[in-house]
Amino acid sequence: MTAAHARLFFALWPDTATRTALAAWQRSVAPLCGGRGMHPEDVHLTLAFLGDTPLELLDAVKHVAAGVHGEPFALRVDALNYWKHNRIVWAGVHEVPAALSALVEDLRGRLRAAGIRFDAKAFVPHITLFRNARPAESWPALPHIDWQVKAFALVRAAGGTGPRYRVEARWPLDGSR
Ligand code: 2AM
C-alpha cells in the first residue's frame, strides 16, 4: 500500500456495552482456542471490504455511504463459530435481521453503481474474535448479546500497535433517507 492509498471497509462498529460483552466472550474462549485475539477496540462486523483504495476516491466513497437508506435494528449475537480455511474464531447470529440484509444490499449496490471496488464475496455476518486459532472441542454457552445497531461506519486500517482500525466516518440508520 502506498501513502496515497488507505485500506478501507464498511462495518458495524460496536457501542461500548456490545464491545464490553464481546471482550467477555473473548476472555471465556481464549483458553480453548488459543490464537491471536483481536484488540477489543478493533472488534467489528464487516459489511463491505474495499481494501486498498486511492485516497482520491475517499470523498466518493463517503458520498455513496451518505445515500444509503437504513433502518435501525437489534442484532442478537448468539453463536460461536470456527472457520477452518482461515483459522478464525468468530461470533455470529442465528438470525440475520432483514434490516441488516437490506443495508448490505443497498450499500453494495450503491458502491457497484459508483464503480467503487469491493470484495464481492457473499455476505456472512461475522465478528472475528481470534485469528490463527484452533477449534475448541466444544464451545461454552455464552450469554447472548443484544446489540442495538443505530449506525454504520467507514473504517480505516491505521497500522501500528494497539488498536489497528479507526472510524473514518459514521452514518446513522434512522430510516430518514
Ligand atoms: P475477517 O475478520 O473475516 O478477516 C478488515 O480486514 C475486515 O474486513 C475484517 O473484518 C475482514 O474479515 C474483512 N474482510 C472481508 N473481506 C476481506 C478481504 N478480502 N481481505 C481482508 N479482509 C477482508
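So, here is what we can say about the structure in this document. No experiment lies behind these values; they were computed from the predicted model shown. (Residues numbered from 1 in each chain as written. Predicted model: local features only at pLDDT ≥ 70, side-chain atom pairs only at ≥ 80, totals over all residues. Heavy atoms only, no water.)

## Regarding the layout of surface pockets
Test applied: Using a grid of 1 Å spacing that covers the protein atoms alone, one calls a set of points a cavity when a 1.4 Å probe fits there but cannot get out, and a pocket when the set is open and has protein on both sides within 12 Å along at least five of seven lines; lining residues are those with an atom within 4 Å of a point. Grid points are joined across faces, edges and corners, and a volume is the space filled by probe spheres set on the points. Numbering goes from the N terminus for both helices and strands, where a helix is a DSSP run of H or I of at least four residues and a strand is a run of E of at least two. For this classification, Asp, Glu, Lys and Arg are treated as charged, while Ala, Val, Leu, Ile, Met, Phe, Trp, Tyr, Cys and Pro are nonpolar and the rest, including Gly, are polar.
Computed from the structure, the largest pocket encloses a volume of approximately 630 Å³. Looking at the largest pocket, it is lined by 23 residues, and the ones nearest its centre are T46, F49, D119, K121 and H126. Counting residues per element, the ones that place at least two in the lining of the largest pocket are β1 (5-12), β3 (45-54) and β7 (127-131). The element best represented in the lining of the largest pocket is β3, accounting for four residues. Broken down by class, the residue content of the lining of the largest pocket amounts to eleven nonpolar, six polar and six charged.

## Let's talk about the pattern of salt bridges
Rules: What counts as a salt bridge is simple: a side-chain nitrogen of Lys or Arg found within 4 Å of a carboxyl oxygen of Asp or Glu. Each residue is placed in one exposure class: buried if its accessible area under a 1.4 Å probe, protein chains only, is under 20% of its type's maximum, exposed if it is over 50%, and partly exposed if it falls in between.
Counted by the stated rule, this structure contains six salt bridges. Of the charged contacts in the structure, one is a salt bridge between R76 and D146, with a shortest N-O distance of 2.8 Å. One end of the pair, R76, is in strand β4 (residues 73-77); the other, D146, is in strand β8 (residues 145-149), and 70 residues separate them in sequence. For R76, a relative accessible area of 39% translates into the label partly exposed. Exposure remark for D146: the relative accessible area of 39% places this residue in the partly exposed category.

## Thoughts on the sheet that holds strand β9 (residues 151-157)
The criterion, for reference: By the convention used here, strands pair only if DSSP detects at least 2 bridges between them. Under this scheme, a helix contributes an axis fitted over its contacting stretch, all axes are lines through C-alpha atoms, and angles between N-to-C directions fall in the 0 to 180 degree range.
Overall, antiparallel pairing links the four strands, which are arranged β3-β1-β9-β10 in an open sheet. Each edge of the open sheet carries a strand with a single partner, namely β3 and β10 (165-172). Across the sheet, the mean angle separating the axes of adjacent strands is 20° when strand polarity is ignored. The pairing of β1 with β9 spans four bridges and is antiparallel. Bridged to L8 within β9 is R156.

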